[in-house]
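# Survey of secondary and tertiary structure
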Amino acid sequence: MSSLSRELVFLILQFLEEEKFKESVHRLEKESGFFFNMKYFEEKVQAGEWDEVEKYLSGFTKVDDNRYSMKTFFEIRKQKYLEALDRQDKAKAVEILVSDLKVFSTFNEELYKEITQLLTLNNFRENEQLSKYGDTKTARSIMLLELKKLIEANPLFRDKLAFPTLKSSRLRTLINQSLNWQHQLCKNPRPNPDIKTLFTDHTCSPPNGPLAPTPVNLPVAAVAKPSAYTSLGALSPFAPTTAAAANAGALAGWMTNASASSSVQAAVVTASSIPVPQNQVSVLKRPTTPPSALRMVDYQNPDHEQLMKRLRPAPSVEEVTNPTPRQQAWSLDDLPRTVALTMHQGSMVTSMDFHPSHHTLLLVGSVNGEITLWELGMRERLVSKPFKIWEMSTCSMPFQALMVNDTPISVSRVRWSPDGNFVGIAFSKHLIHLYAYPGSNDLIQRLEIDAHVGGVNDLAFAHPNKQLCIVTCGDDKLIKVWDSMTAQKLFNFEGHDAPVYSICPHHKENIQFIFSTAVDGKIKAWLYDNMGSRVDYDAPGHWCTTMLYSADGSRLFSCGTSKDGESFLVEWNESEGAIKRTYVGFRKKSAGVVSFDTVQNHFLAAGEDSQIKFWDMDNINLLTFTDAEGGLPSLPRVRFTKEGNLLAVTTADNGFKILANAVGLRSLRAVETSSFDPLRTPIVSAAIKAAGSSAVANVGPVSCKVERSSPVRPSPILNGVDPLGRSVEKPRVVDDAIDKTKPWQLAEIVDPGQCRLVTLPDSTDNSSKVIRLLYTNSAVGILALGSNGVQKLWKWPRNEQNPSGKATANVVPQHWQPNSGLLMTNDVTGVNLEEAVPCIALSKNDSYVMSATGGKVSLFNMMTFKVMTTFMSPPPASTFLAFHPQDNNIIAIGMEDSTIHIYNVRVDEVKSKLKGHQKRITGLAFSTSLNILVSSGADTQLCVWSIDTWEKRKLVAIQIPAGKAPTGDTRVQFHSDQIRMLVVHETQLAIYDASKMERIRQPET
């Protein structure tokens, strides 16, 4: 339905309300689904007209649409059930239980059983949880408050809770205006015409002579329009239900066969809000047979009913002969063994983790409870957070008692979330902290959870039900899963008989599960359901063990130490639950637990005997070792970057060292260096440079094949986004960053052989032209905005030809879409696509993309392609977009009317409107180093704005050649040093020192 048709429905609703057609009003509201009348809904709830309540609600949502809808229907039906019990109408209560509440048993069988048991009580208030239930009127009022919160938080009700602001009798006014217009078109208009119908156009009967047209005025009923309704609010959702629970049932097939020697008990899972539907529970009871081959298969494939056999205790099957060398090309030089940095933390380092995409960012936890974020390229502490209890009153009494005694607190684990947006910290007593990392030199407090009684021994992130969760384990023998947004406990896994030492969340295909190890050497595996542990077997050494998968998730390893100090590094055969190979090279005794890590699907590394030891995954013998130039403790902790080019190891003097291979050394120097060499650090993606490619992209309208028409075409401006996505933009001294005495040696590309071409495969729509191109900040993909408003993403695969998985012209990227098949499509309602100015921007961590094609600005989730929100309806239309580098919720939007809007997504509000240009905005670029926003316009002006106050600091006109008009699109982009700025106009390429806004170089053309 078009927007005008939608507006017509609102006009009809207003007319019906004014004419007192009450039933028709609410029927149209329900049938159109355009406006949810909260006042009417409240009236029906308070009156207990439950059938009408559900019938009206069903026009907007169904029970199983989402967790908010499910909770809404459940609360209504539960209240109806309790009222029947309160009236002692057991027959009606049974009817409600069977016909209305039974549907929820699929999602929470225990809750359904508890509700059923209320039938056995003379007064349901005897149930402890319902002991405070008052009279019916009060109970309805309390429930109504909860329902309003759920409805306001439900995305299906977005833009449906507020009636448009209209003048009284707007439909009558429009009809009146139409009749006036018709009367004026009469050939011989008569005064005071008698209009008797609206079914046909009005015409005056032939008069005796010409008369001046007389306005027609219909009576307008003075009926006030309905009162305004509360706008959609941001409220915490209730505990999520499981749309993905079906996935959980699938994994059970390879873990359900209990061994005769198994000691596993019926585990208890409490506080679970992502339960397994009954049809999935039945899967667990199905007899299974092992697959014919030991490989991963699709559980739902009829040829393979079982995904894997249960991991079970079995005699070790060790390799005693060396395997045939792999055909993959690698050498010892791939291992990071060169000491690049030695840093002093100030307290013994207990845990380290590299940022998943910005590999020179290292998070460090210490024995004194402090966490530190290091930028290794700059050798700089970006953030340091000493241990602090954020809110003592919310902590448990045992923990408060510990704090009274000044119990020392240390960090047991630090972890980045997979997208790099969050940091999780586990402490040696009770607590975990969750920080948000906005991509700046700051960590923002998000959640503090009193997670375990005793120490929290490990922490990891997982995505059950496609939501980011925190998984923890502790001295209380429990594994717990927490909602990362609300801190609500989703699962509580019981079954270990000793403190849980480590956890390893993982997924195979679409099946999510968790491995856990305890200090008694027991290894268990859990699905996100209420069926208990699927595995119970012993780790080598029968003491503290850590489990890790290879980078591609295909191979499982564990490393642990026995109480006697003997260490074991092994690879597991997942399908048999047996040890596939045991690696040799440890000395006999260790006074502690060995730390290990995996890298590049090739190597294993462990810290032992004051050395770092390396193994080839396919060879049990020690490959090589290094002492990192000395200074390591007897059992150094180790942590690789995702790419394996850097390795962090702890030192004996309360610090750490960074070991690097050749690629790692270059990455550190790329951040460290402040001299600008255009031959060595071009503005195109560093990933393309590293791959030996000098490919460039045409940002003008081209076919979807993205063929470059000229080998010497300039590199793209990338819509003002730094394609390198540097996480550190601040040189130590601004004046030192620019060496004006150094001659510039700009390279001129004259040989087509210096350029390479790659075609982006696309079988979906070859008619749309690519209007804008962006590299992802992690340099693993490229995002294209088409002329039809559709965005497409290509990602480079990680394989033998491209082991880094980075952008390169040597490997063809793959068109990527989420499993849902969604497309990121802009709102182009009423837009003339030929005249629209497309614009697109990517958040620093590649989590969000916003774009517009002449219509509203859309914000998309890059993982799911779902529209998060839309805003800024034209006119004026948006012409350029940029994320604030330190807060993804702050967006700079350049407009067609030459203004710049600083928009806060979180509160849906324009915070500032910047005026300084004369024509539309064509470029925006932030510099966190200088704390400025630079804008460019079609007026060839550059404007500098303070990020703190949004005041205009300076206005500079670019130098236009004589005889040329000062018009045309002007683009700006900062170099990774955040000082130099590239300015592009049809007449020139120029480089400016943005600290002074002076042109320091313009290549000769």
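None of the values given here were measured: they were computed from a predicted structure.

## Examining the overall build of the chain
Across its full length, the chain carries 15 helices and 49 strands. The buried share of the chain, reckoned over its 1005 residues, is 54%. For the chain, the share of sequence-separated contacts (at least 6 apart) that also reach a separation of at least 24 residues comes to 56%. Within the structure as shown, the chain displays about 45,100 Å² of accessible surface, and the carbon and sulfur contribution to it stands at 50%.

## Observations regarding the packing of helix 3 (residues 38-47) against helix 8 (residues 136-153)
Interhelical geometry of helix 3 versus helix 8 gives an angle of 150 degrees and a closest axis separation of 9 Å. The angle between helix 3 and helix 8 falls in the class roughly antiparallel. Two packed elements cross with a definite hand, and for helix 3 against helix 8 that hand is right-handed. Packed against helix 3, whose contacting residues are Met38, Phe41, Glu42, Val45, Gln46 and Ala47, the element helix 8 presents Lys137, Arg140, Ser141, Met143, Leu144, Leu147, Lys148 and Ile151 at the interface. Considered class by class, the residues forming the contact of helix 3 with helix 8 number eight nonpolar, two polar and four charged.

## Some details on the sheet that holds strand 45 (residues 952-957)
The four strands lie next to each other as 42-43-44-45, forming an open sheet whose pairing is antiparallel. The open sheet has two free edges, formed respectively by strand 42 (921-927) and strand 45, since each of these has just one partner strand. Pairs of neighbouring strands in the sheet enclose a mean axial angle of 15 degrees, with direction left out of account.

## Description of the pairing of strand 15 (residues 511-518)
Strand 15 sits mainly inside the fold: seven of its eight residues count as buried. Pairing of strand 14 (residues 500-508) with strand 15 involves eight bridges; the strand directions are antiparallel. Looking across to strand 15, one finds that Ile503 is bridged to Ser516. Where strand 14 folds back onto strand 15 in an antiparallel hairpin, the turn is made up of two residues, including Glu509, whose phi is positive at roughly 55 degrees. Relative to strand 16 (residues 522-527), strand 15 is paired through five bridges, and the arrangement is antiparallel. Bridging from a neighbouring strand, Thr517 pairs with Ile523 of strand 16. Between the antiparallel neighbours strand 15 and strand 16 lie three residues, among them Gly521 with a positive phi of about 85 degrees.

## A word on the packing of aromatic side chains
By the definition in use, this model includes 26 aromatic pairs. With a centroid separation of 5.5 Å and an interplanar angle of 80 degrees, the aromatic rings of Trp374 and Phe656 are classed as edge-to-face. Remark: Phe656 occurs in strand 28 (residues 655-660) and Trp374 occurs in strand 4 (residues 371-375); sequence separation between them is 282 residues. Neither residue differs from the other here; Trp374 and Phe656 are each classed as buried. Consider the rings of Trp816 and Phe865, whose centres lie 5.5 Å apart with planes at 75 degrees: the pair is edge-to-face. Of this pair, Trp816 sits in strand 32 (residues 814-816) while Phe865 is found in the loop between strand 36 (857-861) and strand 37 (867-871), placing the two residues 49 residues apart along the sequence. With relative accessibility at 2%, the residue Phe865 sits in the buried group.

## Here we look at the sheet that holds strand 5 (residues 380-385)
Pairing in this open sheet of four strands is antiparallel, and the strands run 2-3-4-5 from one edge to the other. A strand with exactly one partner marks an edge of an open sheet, and here the two such strands are strand 2 (349-354) and strand 5. Going across the sheet, the axis of each strand differs from the next one's by a mean of 20 degrees, ignoring polarity. For strand 3 (residues 361-366) and strand 4, the ladder comprises five bridges, and the chain directions are antiparallel. The partner of Leu363 across the bridge, within strand 4, is Leu373.

## Quick word on the nonpolar core
Note that soluble globular proteins tend to have their nonpolar side chains buried in a common cluster. Core analysis: the biggest nonpolar cluster contains 38 residues, and Phe36, Phe41, Val45, Tyr81, Leu82 and Leu101 have the highest contact counts within it. Listing elements by their share of this core, those giving two or more residues are helix 3, helix 4 (50-57), helix 5 (67-86), helix 6 (90-101), helix 7 (109-117) and helix 8. Ranked by residues supplied to this core, first place goes to helix 5 with eight residues. When neighbours within four sequence positions are excluded, Phe41 is seen to be in contact with Phe36, Val53, Tyr56, Leu57, Ile76, Leu144, Leu147 and Ile151. Core analysis: the next-biggest nonpolar cluster, separate from the first, contains 22 residues, Leu373, Cys395, Met403 and Leu443 among them.

## Side note on the confidence of the model for the chain
Predicted confidence across the chain gives a mean pLDDT of 78, with 78% of residues reaching 70 or more. Taken as a whole, residues 209-328 scores under 50 in pLDDT and shows 258 contacts with residues more than four places along the chain or in a different chain.

## Points about the side chain of Arg639
Here Arg639 shows up in strand 26 (residues 638-640). Taking relative accessible area as the criterion, Arg639 reaches 18% and is therefore assigned buried. Here Asp353 takes part through its side chain, which lies 2.9 Å from a polar atom of the side chain of Arg639. Not counting the four nearest positions on each side in its chain, Arg639 is found in contact with Met352, Asp353, Phe354, Arg415, Asp597, Leu646, Leu647 and Ala648.

## Some details on the packing of helix 4 against helix 5
At a minimum axis distance of 11 Å, the contact between helix 4 and helix 5 shows a crossing angle of 175 degrees. In terms of orientation, helix 4 lies roughly antiparallel with respect to helix 5. Residues Trp50, Asp51, Val53, Glu54 and Leu57 of helix 4 pack against Thr72, Phe73, Ile76, Arg77, Gln79, Lys80 and Glu83 of helix 5.

## Examining the pattern of salt bridges
Tallying each qualifying case throughout the model produces 26 salt bridges. For Lys92, the salt bridge is made with Glu95, and the minimal N-O distance between the two is 3.7 Å. With Lys92 and Glu95 both in helix 6 and three residues apart, the pair spans about one turn of that helix. On the basis of relative accessible area, Lys92 is assigned to the partly exposed category, the value being 32%. Of the charged contacts, one joins Asp993 and Lys996 as a salt bridge, the two residues approaching to 3.5 Å between their closest N and O atoms. Here the salt bridges share partners, and the residues they tie into one network are Arg555, Glu571, Arg581 and Asp618.

## A few points about helix 4
Every buried residue of helix 4 is listed here: Trp50, Val53, Glu54, Tyr56 and Leu57. Seen along its axis, helix 4 keeps its buried residues to an arc of 165 degrees; they face one direction. For helix 4, the secondary structure elements touched by its buried residues are helix 2 (22-32), helix 3, helix 5 and helix 8.

## Considering the environment of Lys148
By secondary structure assignment, the location of Lys148 is in helix 8. Along the backbone, Lys148 and Phe41 are 107 residues apart, and their C-alpha atoms lie at a distance of 9.7 Å. Leave out the neighbours within four places in its chain, and Lys148 touches Met38 and Glu42.

## Some points on the pairing of strand 45
Bridging between strand 44 (residues 941-946) and strand 45 involves five bridges; their strand directions are antiparallel. Counted as the bridge partner of Val944 is Lys954 from strand 45. Linking strand 44 to strand 45, which pair antiparallel, is a turn of five residues; within it Trp950 sits at a positive phi near 60 degrees.

Conventions and cut-offs
- Residues numbered from 1 in each chain as written.
- Predicted model: local features only at pLDDT ≥ 70, side-chain atom pairs only at ≥ 80, totals over all residues.
- Heavy atoms only, no water.
- Helix = DSSP H or I, 4+ residues; strand = E, 2+ residues; numbered from the N terminus.
- Buried < 20%, exposed > 50% of the residue type's maximum accessible area, 1.4 Å probe, protein only.
- Contact = heavy atoms within 4.5 Å.
- Areas by Shrake-Rupley, 256 points an atom, 1.4 Å probe, with all protein chains shown as cover.
- Axes fitted to C-alpha atoms, helices over the stretch in contact; angles between N-to-C directions.
- Parallel < 35°, antiparallel > 145°, perpendicular 65-115°, else oblique.
- Left-handed = near helix turned anticlockwise from the far one by under 90°.
- Nonpolar A, V, L, I, M, F, W, Y, C, P; charged D, E, K, R; others polar.
- Pairing = 2+ DSSP bridges.
- Phe/Tyr/Trp six-rings, centres within 6.5 Å; stacked < 30°, edge-to-face > 60°.
- Core = buried A, V, L, I, M, F, W, Y, C linked by side-chain atoms within 4.5 Å.
- pLDDT = per-residue confidence, 0-100.
- Polar contact = N/O pair within 3.5 Å; in protein donor to acceptor, adjacent residues only side chain to side chain.
- Salt bridge = Lys/Arg side-chain N within 4 Å of Asp/Glu carboxyl O.
- Arc of directions from axis to C-beta.

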